[in-house]
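Structural description and commentary
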Amino acid sequence: MDYKDTLQMPKTDFEMRGNLAKKEPGILETWEKNDHYHAILSRHEGQPSYILHDGPPYANGNLHAGTAMNRSIKDFIIRTHAMSGYYTPFFPGWDTHGLPIENAIQKLGVDRKAMPASEFRKKCEEYAHEQIAQQMATEKRLGQIADYEHPYITLKKEFEARQIKCFEKMALDGLIFQGLKPIYWSPYNETAVADSEIVYKDVKDATIYLAFPVADGKGILDENDSIVIWTTTPWTIPGNQAVSLHPDLEYAEVQTEKGKLVFLASMVDRLLAKFELENQGVLRTFRGKELENITYHHVVLDKECPIILGTHVTDEDGTGCVHTAAGHGLDDYYVCQTYGIDPICTVDEKGLMNEEAGKECEGMLL
């Protein structure tokens, strides 16, 4: 008996093999010829709308796995709602501003510093349009449908005009103000860098302990005392504007052969061993809040700076006395804002110390 004759299989026109590599271009061509996107929309005209706003990818190269998955998921969601009867217009977008495009064309050999800024921007624009065309073609090959004839592209003048109009309304509503705050900056590109563009690497770098001599001890400390800080970024010392203590942590005044040092009481033995100093006695202890507004001498610039309080200070490492530079970090910036201390910037756009860092440091490369 031939057992295959006992199988009740349906008779269909389906081929045994998918042959997608051959069939896919024909399917996509049919979709485009029949205007599949608008055909779907026309079936649901007048029905409730489902609008999915596209958070656009950068136009700095072809789609990578993340952006391909992102757009594919959006396509699944839109088609699902279309099948449920919703009117589902979708306008794909591309982000054409910012550092990723500048970095991409510099990797191709374009020397930003060898041409006027206007010419460099023109090259960025041309490159962005090339990448949009490439990404769009790839998305179509992935079977995604959208209004590719009317994408939104951030460099288009009409898009920028709408941004300005939105900014105008925000300004008139009192939502815009001008201020100063620390931001990430690329000395190589001489431009601001978004948080999402920062890539951290493990590096071994110099750290220092530094003693700030007390200037005005407010009757609590005297001029023979020094506030000891620890920092992993010694190059920010010229930008020092305060030392932050935790209001509720306990600090000790310790006598040593190098004078009287002030730091966390819980760290006395550990720090003196590190400094190779003899503990000649803990003279007094204080809560951080008792030392608020005492001033000390800046070690680079000829000025006095205050001791301030901040709950971001911990007793896990360092000295519990935190070197605070409002122009070099958000924690520092926010705690200084509560004391009316405006940030200063001691570094120029090329990564060199500027005049704010003092004559001895001006011109130094970080």
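The model shown is predicted, which means the values in this text are computed figures rather than measured ones. (Residues numbered from 1 in each chain as written. Predicted model: local features only at pLDDT ≥ 70, side-chain atom pairs only at ≥ 80, totals over all residues. Heavy atoms only, no water.)

Turning our eyes to something else, we now look at the overall build of the protein chain. From N to C terminus, the protein chain includes eight helices and 13 strands. Against the 2.2 N^0.38 benchmark of 21 Å for 366 residues, the protein chain shows a C-alpha radius of gyration of 31 Å, more extended than a compact globule. Each of the three principal axes of the protein chain carries a C-alpha extent, and together these read 100 × 65 × 45 Å. Per-residue burial over the protein chain gives 37% buried out of 366 residues. Taking contacts inside the protein chain between residues at least 6 apart in sequence as the whole, the part at least 24 apart equals 67%. Element-wise, carbon and sulfur atoms account for 54% of the exposed surface of the protein chain, whose accessible area totals about 22,900 Å². A gap of 9 Å separates the mean positions of the 37 positive and 57 negative side-chain charges of the protein chain. (Helix = DSSP H or I, 4+ residues; strand = E, 2+ residues; numbered from the N terminus. Rg over C-alpha atoms; globule rule 2.2 N^0.38 Å. Buried < 20%, exposed > 50% of the residue type's maximum accessible area, 1.4 Å probe, protein only. Contact = heavy atoms within 4.5 Å. Areas by Shrake-Rupley, 256 points an atom, 1.4 Å probe, with all protein chains shown as cover. Lys, Arg positive; Asp, Glu negative; His and termini not counted. Charge placed at Lys NZ, Arg CZ, Asp CG, Glu CD.)

In this section: a nonpolar patch on the surface. A cluster of nonpolar side chains, namely M69, I73, F76 and I77, defines an oily patch on the protein surface of about 380 Å² accessible area. Looking at the element boundaries, M69 is found in helix α3 (residues 65-83). (Patch = residues over 30% accessible without salt bridge, like charges linked within 9 Å, V, L, I, M, F, W, Y side chains within 5 Å. Salt bridge = Lys/Arg side-chain N within 4 Å of Asp/Glu carboxyl O.)

Moving on: the sheet that holds strand β12 (residues 304-309). The nine strands lie next to each other as β10-β8-β9-β6-β5-β11-β12-β7-β13, forming an open sheet whose pairing is mixed. Both outer strands of the open sheet, β10 (282-287) and β13 (321-324), are each paired with one neighbouring strand and no more. The sheet shows a mean angle of 35 degrees between the axes of neighbouring strands, direction not considered. As paired elements, strand β6 (residues 225-231) and strand β9 (residues 259-264) share three bridges and run parallel to each other. Bridge pairing in β9 links S226 to L261. The strands touched by helix α7 (residues 268-275) are β5 (208-216), β6, β8 (250-256), β9 and β10; relative to β9, the strand with the most contacts, the crossing angle is about 130 degrees. Helix-sheet contacts for helix α8 (residues 330-337) involve β7 (242-245), β12 and β13, and the interaxial angle to β13 is about 90 degrees. (Pairing = 2+ DSSP bridges. Axes fitted to C-alpha atoms, helices over the stretch in contact; angles between N-to-C directions.)

Attention now moves to unusual backbone geometry. Glycine aside, residues mostly have negative phi, and peptide bonds are mostly found in the trans state. Here E190, not a glycine, exhibits a phi torsion of approximately 55 degrees, which is positive. You can see E190 is positioned in the loop between β3 (184-186) and β4 (191-193). The exposure class of E190 is partly exposed, given its relative accessible area of 26%. A positive phi angle, close to 75 degrees, is found at N293, a residue other than glycine. Note that N293 resides in the loop between β10 and β11 (295-297). In this structure N293 comes out as partly exposed when scored by relative accessible area, which is 39%.

A separate point is the packing of aromatic side chains. A complete count under the given rule lists seven aromatic pairs for this structure. One cation-aromatic arrangement involves R71 over W94; the distance from NZ or CZ to the ring centre is 4.8 Å. (Phe/Tyr/Trp six-rings, centres within 6.5 Å; stacked < 30°, edge-to-face > 60°. Lys NZ or Arg CZ within 6 Å of the ring centre and 35° of its normal.)

An ideal rise of 1.5 Å per residue puts 27 Å on 19 residues; α3 measures up with 27 Å between its terminal C-alpha atoms. Restricting attention to buried positions, one finds in α3 the residues T67, A68, R71, S72, K74, D75, I78 and A82. Down the axis of α3, the buried side of the element spans an arc of 160 degrees, and every buried residue falls inside it. With respect to the buried face of α3, the exposed residues turned more than 90 degrees away are A65, M69, F76 and M83. (Expected span 1.5 Å × (residues − 1). Arc of directions from axis to C-beta.)

Before going further, it helps to spend a moment on the environment of R79. Assignment of secondary structure puts R79 in helix α3. Residue R79 is classed as partly exposed on the basis of its relative accessible area of 22%. Spatially, the C-alpha atom of R79 lies 23 Å from that of I153, the residues being 74 residues apart in sequence. If we skip the residues at most four places from it in the chain, R79 touches W31, H36, G143, Q144 and I145.

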